[in-house]
Structure formats: structure tokens, C-alpha cells
Amino acid sequence: MRTFIAFDLASEAKNQIEKIQLDFKKLAEGKIKYTASSQLHLTVFFIGDIEQNQADKIKNLITKINFPQFYLEMSTLGYFPNIRKPNVIVLKSEANPELNNFVKSMDNSLAELGFKRDKKWVPHVTIGRVKEPFKMTEFKIIPFKIKIESLSFYKSTLTSSGPVYENIAVNTLQKGLD
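Residues numbered from 1 in each chain as written. Predicted model: local features only at pLDDT ≥ 70, side-chain atom pairs only at ≥ 80, totals over all residues. Heavy atoms only, no water.

A. The sheet that holds strand β8 (residues 150-159), seen in detail. Taken in spatial order, the four strands line up as β3-β1-β8-β9 in an open sheet, and their pairing is antiparallel. The sheet terminates laterally at β3 (41-49) and β9 (162-172), the two strands that pair on one side only. In this sheet, neighbouring strand axes are inclined to one another by 25° on average, regardless of whether the strands run parallel or antiparallel. Along the sheet, helix α2 (residues 52-64) contacts β1 (2-8), β3, β8 and β9; its crossing angle with β9, the most-contacted strand, is approximately 50°. Sheet strands touched by helix α3 (residues 97-112): β1, β3 and β8. Its angle to β3, the strand with the most contacts, is close to 15°. (Pairing = 2+ DSSP bridges. Helix = DSSP H or I, 4+ residues; strand = E, 2+ residues; numbered from the N terminus. Axes fitted to C-alpha atoms, helices over the stretch in contact; angles between N-to-C directions. Contact = heavy atoms within 4.5 Å.)

Pasting the structure below:
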């Protein structure tokens, strides 16, 4: 099964991202397949294809995480692999101490289970995938904060109409903000 670990986004964050998607649609009418609100998330670790026994270990890890809620500032749009030939349009987060500590801890825990990152992690939310090439222009957003309240372990099934996510495990982070 194809899997990943991600921060879930609250409805306020999803609403803010939907507004950005609407504004962006004016620049690239019909050339981008936008991520549905129900599938917006911030990937922490893409694991890839694993067996059920490995999924059980990761599920156990996720449910035992003891970490406080925190905020992230979403500040810029990004383009993978680059702005000249974008395949994916993302909303990038500024790194912060809470996020860095969480990711370092998660990486260490997953390494103990035999999983290592295959590339440098860039904190982001995928907002769309480019269907048809077009001339990309700089697009500025007004930075905004999102509250990170939960972490999930997902199974991802690729279909002709896009990925389908199934939540395997969820951990509500410790309250303490606000």
C-alpha cells in the first residue's frame, strides 16, 4: 500500500487555501487540476509502498506521538520542479522551531523503523497539478497562519480521477494554544 504522514488542515485553513486557488484560476484558466478541499494536507513524510506489518508499526507510532499543537505561517507559492516548467503548484510554509523539532523527531522515529527520507523535505500544501503548460507569472499571496492540530497516517490509492486518501490513524496533538 502507498502511504504518507501528514498534518491535517482545519476548515479555516482550507477556506483560505480555496480563496488562493480561486485567485490563481484567473491566471491559468483550465490548465490546472486543483486539489479538492477535502484532500488538502501538509505532507510530513512520504513513505511510499509498504507491507501491512510495516503499516501497523507506523500506525502504532502515530497514535503514541505526544506533541503540542502549533502554528505555521503559509507565506509563498512554490512550483515543483521550478517556475519555468511547473508540474505541481504548492503553498509553502515558513520553517519554525516547533515544526523543525517535530520533523526531526518524526524522522528519527521512522528511521528506527527503517524509513529514511529520499530527498530534502519542503513544508508545503499541494494546491494543484499542471495539466497543460502555460506561461507562469509570479503570484504573491498575503501570508497567513494555520493551526496544526492533528497528524494522520494515510493510505493513498492512485486512480484515473486522482488520488483517494484513506485515513489509517490520526493523532490529535496536545492542546495548549489560544
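B. Spotlight on the nonpolar core. Ranked by size, the top nonpolar core spans 49 residues in total, and within it Ile5, Phe7, Phe24, Leu77, Leu91 and Met106 carry the most contacts. Beyond its immediate chain neighbours, meaning those up to four positions away, methionine 106 contacts Ile5, Val44, Leu61, Ile62, Ile65 and Leu151. (Core = buried A, V, L, I, M, F, W, Y, C linked by side-chain atoms within 4.5 Å. Buried < 20%, exposed > 50% of the residue type's maximum accessible area, 1.4 Å probe, protein only.)

C. Up close: the side chain of asparagine 171. Looking at the secondary structure, you find asparagine 171 in strand β9. Polar side-chain contacts of asparagine 171 include one of 2.8 Å to the backbone oxygen of isoleucine 62. Other than its neighbours up to four places away in sequence, asparagine 171 contacts Ile62, Thr63, Lys64, Ile65, Glu149, Ser150 and Leu151. (Polar contact = N/O pair within 3.5 Å; in protein donor to acceptor, adjacent residues only side chain to side chain.)

D. Summary view of the sheet that holds strand β2 (residues 32-34). Taken together, the five strands give an open sheet; going across it, the order is β2-β6-β5-β4-β7, and neighbouring strands pair in antiparallel fashion. Sheet topology places β2 and β7 (144-148) at the edges, where each strand pairs with a single neighbour. Going from strand to strand, the sheet's axes swing by 35° on average, the running direction of each strand aside. Pairing analysis gives five bridges linking strand β5 (residues 88-93) to strand β6 (residues 124-130), with the strands arranged antiparallel. By the bridge assignment for β6, valine 90 is matched with threonine 126.

E. Inspection of the pattern of salt bridges at higher detail. Following the criterion strictly, the structure yields four salt bridges and no others. Here lysine 26 makes a salt bridge to aspartate 23, at a shortest N to O gap of 3.7 Å. Of the residues examined, aspartate 23 reaches a relative accessible area of 38% and is grouped as partly exposed. Lysine 31 serves as the salt-bridge partner of glutamate 132, at 3.2 Å between the closest nitrogen and oxygen. Residue glutamate 132 is located in the loop between β6 and β7, and its partner lysine 31 is located in the loop between α1 (11-25) and β2; the two are separated by 101 residues in the primary sequence. Take lysine 31: its relative accessible area is 24%, and that puts it in the partly exposed class. (Salt bridge = Lys/Arg side-chain N within 4 Å of Asp/Glu carboxyl O.)

F. Spotlight on the packing of aromatic side chains. Under the defined criterion, the tally for this structure stands at seven aromatic pairs. An angle of 25° between the planes, with centres 5.2 Å apart, marks the rings of phenylalanine 4 and tyrosine 154 as stacked. One end of the pair, phenylalanine 4, is in strand β1; the other, tyrosine 154, is in strand β8, with 150 residues separating them in the sequence. Residue tyrosine 154 is classed as buried on the basis of its relative accessible area, which comes to 13%. Here the aromatic rings of tyrosine 154 and tyrosine 165 are separated by 6.1 Å at their centres, their planes lie at 55°, and the arrangement is tilted. Separated by 11 residues along the polypeptide, tyrosine 154 in strand β8 and tyrosine 165 in strand β9 bring together distant segments of the chain. Taken together through their ring pairs, the aromatic side chains of Phe7, Phe67, Phe70 and Phe102 make up a single cluster. (Phe/Tyr/Trp six-rings, centres within 6.5 Å; stacked < 30°, edge-to-face > 60°.)

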